[in-house]
Amino acid sequence: MSRIDVNKTYKLFIGGAFPRSESGRVYEIKGNNKKFIANPALASRKDLRDAVVAAKAAHSGWANATAFNRGQILYRVAEIMQGRSDQFIDEICALEGVTTKVAKVQVEEAIDTWVWYSGWCDKLSSVSGSLNQVSGPFYNFTTPEALGVVAIFAENKPSLLGVVRTLAPVIASGNSAVLIASESYPLPAITLSEVLATSDVPGGVVNILTGKITELAPWVGSHMEIDGVDVAGLSKKQEEELKLVGADNLKRIFRFSPTNHPERILSFMEQKTVWHPIGL
Amino acid sequence: MSSFEYANAPESKAIANIATSYGLFIGGKFVEPKKGKSFNTINPATEEILSKVGYADKLDIDLAVKSARTAFTKVWSKMPAKERGKYLYRIARILQERAREFAVVETLDNGKPIRESRDTDIPLAAAHFFYHAGWADKLDYAGLGSKPKPVGVVGQIIPWNFPLLMLAWKIAPALAAGNTVVLKPAETTPLTALLFAQVCQQAGLPDGVVNIVTGDGITGAALVNHSDINKIAFTGSTEVGKAIARSISSTKKSATLELGGKAANLVFDDAAIDEAIEGIVNGIFFNQGHVCCAGSRLLVQENVADEVLEKLKKRMSLIRVGDPMDKNTDLGAINSAEQLKRIQDISNTGDAEGASRWSPDCKLPSKGFWYPPTIFTGVSQSHRIARDEIFGPVLSVLTFRTPAEGIEKANNTMYGLSAGVWSDKGSKILWAAKQLKAGVIWSNTFNKFDPASPFGGYKESGWGREGGRHGLAGYLTSQVKESK
Amino acid sequence: MIIDGSESSLKKFLSDLPPVDQVGADSRAAMLATRSIKTTSKAWAIDMAISMVDLTTLEGADSAGKVKALCAKAVRPDPTDLAVPSVGAICVYNDMVKIARTELNSIGGKDIAVAAVATAFPSGRASIAVKKLDTQDAIDAGANEIDMVIDRGAFLSGRIGEVFEEIKIIKQLCGDQAHLKVILETGELVTYDNVRKASYLAMLAGADFIKTSTGKVAPAATAPVVLVMLEAVRDYFALTGKKIGVKPAGGIRTTKDAIKQLVLVNETAGPQWLNPALFRIGASALLNDLLMQRMKLRTGHYASANYVTMD
């Protein structure tokens, strides 16, 4: 008799731990071949609330770590992901119905995306900050600073790259993240959270929820503790609704084209300018 | 024991597998020098021979440069930038993995305390590779033009004071920018460079991208004068730096030079005194004073001079001089007999010219090269010990009355590498920073280095910067400077 | 005369003290923490640390039974090894002083001091009348040492004359019977400049010891704070010829922590301060870790908590 596999239970990732949804709900994910794969959690607004609390608590420590330290940790994520390539490839094949070759390219690009953003952590203010030549005996410098808690609606497909491409630039600068995975292709996001949990990423810096976008989006939009949102995984209409309600605390809301760019990091930062007299 | 005497706390040598001999590292392999010549490298704390290394002459240099050129043309310049960066990340990680081994070998070969190799040299070297690995595929954003190009093959010559760290300062940006290199470590400290060659092999770095050629000043000159080198990067004495500048004057070669210094460490009357004392001690006694940016002139505001000097002397008597392999040693061995003689000769002019010498009591070991931490008071600008770089644990103490006078004295030198400013008043610090003619200004701190922070000097302290965005410029073709 | 007793003279003196640079002080403390103390020096340090411990219990649930057990531990920290020195003192709330003193005297611990916390410990939030009574209670019960708290609210709002006066009053009550430790509660003072100023203020007002913390607030006895206080007693000695003691309390749990404190003393105030008359460590769990480390040095293998008594 052939061996029976031990199937994985997919839970949420909040505060560095893996809880089920407080609502107890799940939903079914079938593979591209219509076979059952898993019942990931169907996150509720309370799970979102808890995720934001965890993200807020983790933000200060993460933002105040040295840029070098953050860069090392993002690189470590890449190292651990590399070791687990096969697991991701299998998952993507089952979910998206693509060939191993295509899945492998996606996984490698995801790993290289972590490496790319890792190298940005300690170069942001060299490139985007400045010492400003004001007219007067003043030292005047501008330096970018992380925003706080950023919510992300990950791209739907590619299922793994769409998560990494939106997540890495948000946390590189010291923001913490609450990522809502693609509703139809959520599993790689959770497997990624296993990588994050073992890569020295402090608990709460990244929180990952799976569930219904239509249910969670309004709560993200209205949450006063969320400072920024990447709307990649939302429809145009959902984006507009979010912007309407997000205006209440002037959330910084953006949709980016699916490429890597330092602007994706800087968009979720604030530029601070400091003056100091020069004299005896 | 009637008092708290620290028992011997030796770091174990067992982790260091130093081979009895090493060849030159050319084209990804260790090869014997063509003429089969070699020379010894010793432990300056004990004078025992550590290993025998190859002596590279013109023929070997030629082989190395050819290897670097082939690697550049056929492999390195064609490789996608992000893959180039990944080699540098691998090197950084391997250095971190083998950190303890490198620290022990560095201390044995150089004479610096194991605490320094372990806590400063090696971690910073790894950090340099990590930092520059991130630039490899982001050069478009460095503010140096879009799609900047590497210069080609770079000849690099490094000093003996921070062997592995200086190697990292040279190789990391060069490779990140897309160049290949031929590097000559200092004659008295070749070992960590040769271990580094092994790291390149472990990282799978393509053959010829990095070549290590051990030798002496003649080897260095052969490298500088080789016709197929596009650029020279040199750290060492101002004298040799000028010789290099002359050598390349009729060529298309560019050069960056990190040369000598005679930095002023200015202590104002409103300084945080206890921390300033630490800064003074760190400024001149860190690494036995073998630091180009050492705070070798203390300029203390006259109205606090007595208090500062009294506290300084008390603090100096806590400096532990001795076995560099002991984890509690603060001041290690002088790197060579030659350097020791140089320190003695210049310091003796201090006595001869009328300054007052003071050292705490310390027991110096009988074998090896040693100099006690020393200060000279009653020094004026005209004394040799106030003008010449001693490159040893000797501090010249001068006073100033007003901030303007302090700045004038600080700037009154042909050097301009670094300076220190100690004051609790922010605007005064910024004012002093504005007036000082130095490439690196440390306020309320000293001897701080970071791969993200550009380092380099004004005037005869050299050309160009290393580290940070500015440090990349030296390894990329200028958008506008013509070379012949 | 350093000051003439007036608040303005005191304020001027304190504001003329040199500033402390936080990053510099942190870095000096961190460098001293890299000292590697092994073999003979480690053995010496462990025994010295044991003799400096103010073995402490300051809990609402303290009872006669608990305090008596602590006294036994203080006198004979390791019943299997009589070579282990006794601790420096017992530290308790003032209604436990009589019990402690009686117990110690009856089990061969008459040389171990009883220190009482006083002046509305730990908050210090009570009237001076209450604080005087509080202190007098402890004195009457036979306390040899009084660990008082300063009024941090007064200090932080600039009423340093009041802080000064309170210390003077309590010192008077102590008279010849008890030495006075003044707790600065450095965690609430926050800046190193405040720690420096409060240290001098306490010494000028008559403190025999300056103490970092009540142990009820974190951060407590961090290395840079102890460094700044050791610099203060060093410089005060140069100024006046008087040697004042230092007591870190709170957060010192392991032998490594304790040895780091001794290194700080050794290379800041100097070897003269390396004795229980001038340096104490307020701790409870630390003692057993010192004993386990002592066992390891003696036997060559790692010890277990099963082999040290819980109290």
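Quick summary incoming for the structure in this document. (Residues numbered from 1 in each chain as written. Chains lettered and ligands numbered in written order. Predicted model: local features only at pLDDT ≥ 70, side-chain atom pairs only at ≥ 80, totals over all residues.)

## Things to note about the overall build of chain A
Line of reasoning, step 1. Helix and strand content of chain A: ten helices and ten strands.
Line of reasoning, step 2. In terms of C-alpha radius of gyration, chain A reaches 20 Å, essentially the compact-globule figure of 19 Å for 280 residues.
Line of reasoning, step 3. C-alpha atoms of chain A, sized along the principal axes, occupy 85 × 40 × 30 Å.
Line of reasoning, step 4. Evaluated residue by residue, chain A yields a buried proportion of 46% over its 280 residues. (Helix = DSSP H or I, 4+ residues; strand = E, 2+ residues; numbered from the N terminus. Rg over C-alpha atoms; globule rule 2.2 N^0.38 Å. Buried ≥ 20, exposed ≤ 12 C-beta atoms within 10 Å, placed from the backbone.)

## So, the interface of chain B and chain A
Where interface size is quoted, it is often the accessible area lost as the parts come together.
Line of reasoning, step 1. Listed as interface residues are 23 residues of chain B and, on the opposing side, 20 residues of chain A.
Line of reasoning, step 2. Of all elements in the fold, only α2 (81-97), α4 (114-135), α14 (426-435) and α15 (468-472) of chain B reach the threshold of two or more residues within the side of chain B that touches chain A.
Line of reasoning, step 3. Looking at side-chain class alone, the side of chain B that touches chain A contains eleven nonpolar, five polar and seven charged residues. (Contact = placed C-beta atoms within 7 Å. Nonpolar A, V, L, I, M, F, W, Y, C, P; charged D, E, K, R; others polar.)

## Points about the interface of chain B and chain C
Line of reasoning, step 1. Facing 21 residues of chain B, the contacting portion of chain C comprises 24 residues.
Line of reasoning, step 2. Listing elements by their share of the side of chain B that touches chain C, those giving two or more residues are α4 and α9 (273-285) of chain B.
Line of reasoning, step 3. When grouped by side-chain class, the residues that make up the side of chain B that touches chain C number eight nonpolar, five polar and eight charged.

## A word on the sheet that holds strand β8 (residues 228-230) of chain A
Residues and elements named next belong to chain A.
Line of reasoning, step 1. The strand order across the open sheet built from five strands is β7-β6-β5-β8-β9, with neighbouring strands paired in parallel fashion. At either end of the open sheet lies a strand with only one pairing partner, and these are β7 (206-209) and β9 (252-254). Here the strands of the sheet are splayed against their neighbours by 15° on average, with no regard to which way each runs.
Line of reasoning, step 2. Note: strand β5 (residues 149-153) against β8, three bridges, orientation parallel. Bridge pairing links V150 to G228 in β8. (Pairing = 2+ DSSP bridges. Axes fitted to C-alpha atoms, helices over the stretch in contact; angles between N-to-C directions.)

## Structural notes on the packing of helix α3 (residues 39-52) of chain C against helix α12 (residues 255-268) of chain C
All names here are of chain C.
Line of reasoning, step 1. Axis separation between α3 and α12 bottoms out at 10 Å; the angle between their running directions is 90°. Between α3 and α12, the crossing angle belongs to the class labelled roughly perpendicular. On α12, the residues touching A45, I46, M48 and A49 of α3 are T255, A258, I259 and L262.
Line of reasoning, step 2. Considered class by class, the residues forming the contact of α3 with α12 number seven nonpolar, one polar and no charged. (Parallel < 35°, antiparallel > 145°, perpendicular 65-115°, else oblique.)

## Some words on helix α6 (residues 161-172) of chain A
Residue and element names in this part refer to chain A.
Line of reasoning, step 1. In this model α6 runs 16 Å from its N-terminal to its C-terminal C-alpha over twelve residues, within 8% of the 16 Å that 1.5 Å per residue would give.
Line of reasoning, step 2. Taken across its twelve residues, α6 has twelve buried, putting it largely inside the fold.
Line of reasoning, step 3. Along α6, the residues classified as buried are L161, G162, V163, V164, R165, T166, L167, A168, P169, V170, I171 and A172. (Expected span 1.5 Å × (residues − 1).)

## Some points on the packing of helix α2 (residues 67-83) of chain A against helix α4 (residues 100-118) of chain A
Residues and elements named next belong to chain A.
Line of reasoning, step 1. Look at α2 against α4: their axes get within 8 Å of each other, and the N-to-C directions meet at 165°. What the angle tells us is that α2 and α4 run roughly antiparallel. For the pair α2 and α4, the crossing hand works out as left-handed. Contacts from G71, L74, Y75, V77, A78, M81 and Q82 in α2 reach A110, I111, W114, V115, Y117 and S118 in α4. (Left-handed = near helix turned anticlockwise from the far one by under 90°.)

## A word on the environment of F68(A)
Line of reasoning, step 1. Looking at the secondary structure, you find F68(A) in helix α2.
Line of reasoning, step 2. Along the chain, F68(A) and G119(A) lie 51 residues apart, while their C-alpha atoms are 9.1 Å from each other.

## Topic: helix α5 (residues 163-176) of chain B
Residue and element names in this part refer to chain B.
Line of reasoning, step 1. For α5, which comprises 14 residues, the first-to-last C-alpha distance of 20 Å matches the rise-based estimate of 20 Å (1.5 Å per residue) to within 8%.
Line of reasoning, step 2. For α5, the tally of buried residues reaches 14 of 14 residues, placing the bulk of the element in the interior.
Line of reasoning, step 3. One or two residues past the end of α5 sits G178, with phi positive at roughly 105°.

## Some points on the pairing of strand β7 (residues 180-184) of chain B
Residues and elements named next belong to chain B.
Line of reasoning, step 1. Extensive coverage of β7 is indicated by the burial of five of its five residues.
Line of reasoning, step 2. Here β7 shows two buried faces, one formed by T180, V182 and K184 and the other by V181 and L183.
Line of reasoning, step 3. One ladder, built from five bridges, connects strand β6 (residues 153-157) with β7; its direction is parallel. Residue pairing for β7: V154 is matched across the bridge by V181.
Line of reasoning, step 4. Pairing between β7 and strand β8 (residues 210-212): three bridges, direction parallel. Looking at the pairing, V181 lines up with V210 of β8.
Line of reasoning, step 5. In this fold, the crossover linking β7 to β8 by way of helix α6 (residues 191-202) has right-handed handedness. (Right-handed = clockwise from strand over helix to strand, strands pointing away.)

## A few points about the pairing of strand β15 (residues 394-400) of chain B
Residues and elements named next belong to chain B.
Line of reasoning, step 1. Burial of β15 is extensive: seven of the seven residues sit out of reach of the surface.
Line of reasoning, step 2. Of the pairings in the sheet, the one linking strand β12 (residues 297-301) to β15 comprises five bridges and is parallel in character. Each bridged residue has a counterpart across the sheet, and for R297 the counterpart in β15 is S396.
Line of reasoning, step 3. Where strand β14 (residues 374-377) meets β15, three bridges bridge the pair, whose relative direction is parallel. Following the sheet pairing, I375 is matched in β15 by L395.

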